[in-house]
Amino acid sequence: MTETLAEDLLAAIGLVRRRLRRSAGRPLALSTLTGSQAELVRLVRRNPGISVAEAAAELGLVANTVSTLVGQLTERRMLLRAPDETDRRVARLTLTEPAREQVEAWRDRRAALVNEALDGLAGEDRDAIRAALPVLAVLAERLHPDQEAQMSHAHGAFK
């Protein structure tokens, strides 16, 4: 039963993402980026001032990989990399103003499309989605690479 639930959940999430991507497109700023580059840009938009190490942990990548992505995105004038004021060894990341504006406009288009679709649902269906959000957040946390390693270690997988 859990296997079917997992497959159904993945299918539903995939369908929502594909339909939203087709409707909203990608922002011009992200249209020529690799998936990893676009994911880093979205992360930095949500977390301005994030460090390279923090971004690597959040994305489940090694710091060297994120440093390479940062270099590529800095060259494309999408990211700014500045030393931390208290620790010059730490680089803080922010989006350039043009990149931020394009990504936020895209996010606004996506949110408007989802709001419109939610408005077309019955109240009890919106309530069901609202009630599922905390559980989906817990599920996402359980899927985080660090969480997986902790769970495997706790269950003796590393013995």
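In what follows, the structure referred to is the one given above.
A brief look at the structure comes next. (Residues numbered from 1 in each chain as written. Predicted model: local features only at pLDDT ≥ 70, side-chain atom pairs only at ≥ 80, totals over all residues. Heavy atoms only, no water.)

Focus: the sheet that holds strand 1 (residues 50-51)
Part 1 of the argument: As summarised here, the arrangement of the three strands in space is 1-3-2, forming an open sheet in which the pairing is antiparallel. Unpaired on one side and paired on the other, strand 1 and strand 2 (79-83) mark the two borders of the sheet.
Part 2 of the argument: Both strand 2 and strand 3 (residues 91-95) contribute to a ladder of five bridges, which runs antiparallel. Paired with Ala 82 across the two strands is Arg 92, which belongs to strand 3.
Part 3 of the argument: The strands touched by helix 4 (residues 63-75) are strand 2 and strand 3; relative to strand 2, the strand with the most contacts, the crossing angle is about 120°. (Pairing = 2+ DSSP bridges. Helix = DSSP H or I, 4+ residues; strand = E, 2+ residues; numbered from the N terminus. Contact = heavy atoms within 4.5 Å. Axes fitted to C-alpha atoms, helices over the stretch in contact; angles between N-to-C directions.)

Some remarks on the pattern of salt bridges
Part 1 of the argument: Enumeration over the complete set of coordinates arrives at seven salt bridges.
Part 2 of the argument: A salt bridge links Arg 89 to Asp 87; the nearest nitrogen and oxygen atoms lie 2.9 Å apart.
Part 3 of the argument: Judged by relative accessible area, Arg 89 falls into the exposed class, the value being 76%.
Part 4 of the argument: Arg 130 is the salt-bridge partner of Asp 127, the closest N and O atoms lying 2.9 Å from each other. Of the two residues, Asp 127 and Arg 130 both sit in helix 6 (residues 123-142), three residues apart, roughly one turn of that helix.
Part 5 of the argument: One connected set of salt bridges, linked through shared partners, spans Glu 54, Asp 84 and Arg 92. (Salt bridge = Lys/Arg side-chain N within 4 Å of Asp/Glu carboxyl O. Buried < 20%, exposed > 50% of the residue type's maximum accessible area, 1.4 Å probe, protein only.)

Here's the deal with the pairing of strand 3
Part 1 of the argument: Of the two faces of strand 3, the one holding Ala 91, Leu 93 and Leu 95 is buried and the one holding Arg 92 and Thr 94 is not buried anywhere.
Part 2 of the argument: Two elements, strand 1 and strand 3, share two bridges in a ladder whose sense is antiparallel. The partner of Ser 51 across the bridge, within strand 3, is Arg 92.

Comments concerning unusual backbone geometry
Part 1 of the argument: For Arg 77, which is not glycine, the phi torsion reads 60° and is therefore positive.
Part 2 of the argument: Looking at where Arg 77 falls in the secondary structure, it is placed in the loop between helix 4 and strand 2.
Part 3 of the argument: Owing to a relative accessible area of 68%, Arg 77 belongs among the exposed residues under this scheme.

Remarks on the layout of surface pockets
Taking a probe equal in size to a water molecule and rolling it over the atoms shows the remaining empty space.
Part 1 of the argument: Here the largest pocket defines a volume of roughly 1800 Å³.
Part 2 of the argument: Contributing to the lining of the largest pocket are 35 residues, with Ile 13, Val 16, Arg 17, Leu 133 and Leu 136 lying nearest its centre.
Part 3 of the argument: For the lining of the largest pocket, the secondary-structure elements that each account for two or more residues are helix 1 (2-24), helix 2 (35-46), helix 3 (52-59), helix 5 (97-119) and helix 6.
Part 4 of the argument: Per-element accounting of the lining of the largest pocket gives the leading share, eleven residues, to helix 1.
Part 5 of the argument: As for the second largest pocket, its lining consists of eleven residues, of which Arg 17, Arg 21, Arg 42, Trp 106 and Arg 110 are closest to the centre.
Part 6 of the argument: Those elements that place two or more of their residues in the lining of the second largest pocket are helix 1, helix 2 and helix 5.
Part 7 of the argument: A total of three residues in the lining of the second largest pocket trace back to one element, the largest contributor, which is helix 2.
Part 8 of the argument: Residues that form the lining of the second largest pocket fall into these classes: three nonpolar, three polar and five charged. (1 Å grid on protein atoms, 1.4 Å probe; cavity = no way out; pocket = protein on both sides within 12 Å on 5 of 7 lines; lining within 4 Å. Points joined across faces, edges and corners; volume = space filled by probe spheres on them. Nonpolar A, V, L, I, M, F, W, Y, C, P; charged D, E, K, R; others polar.)

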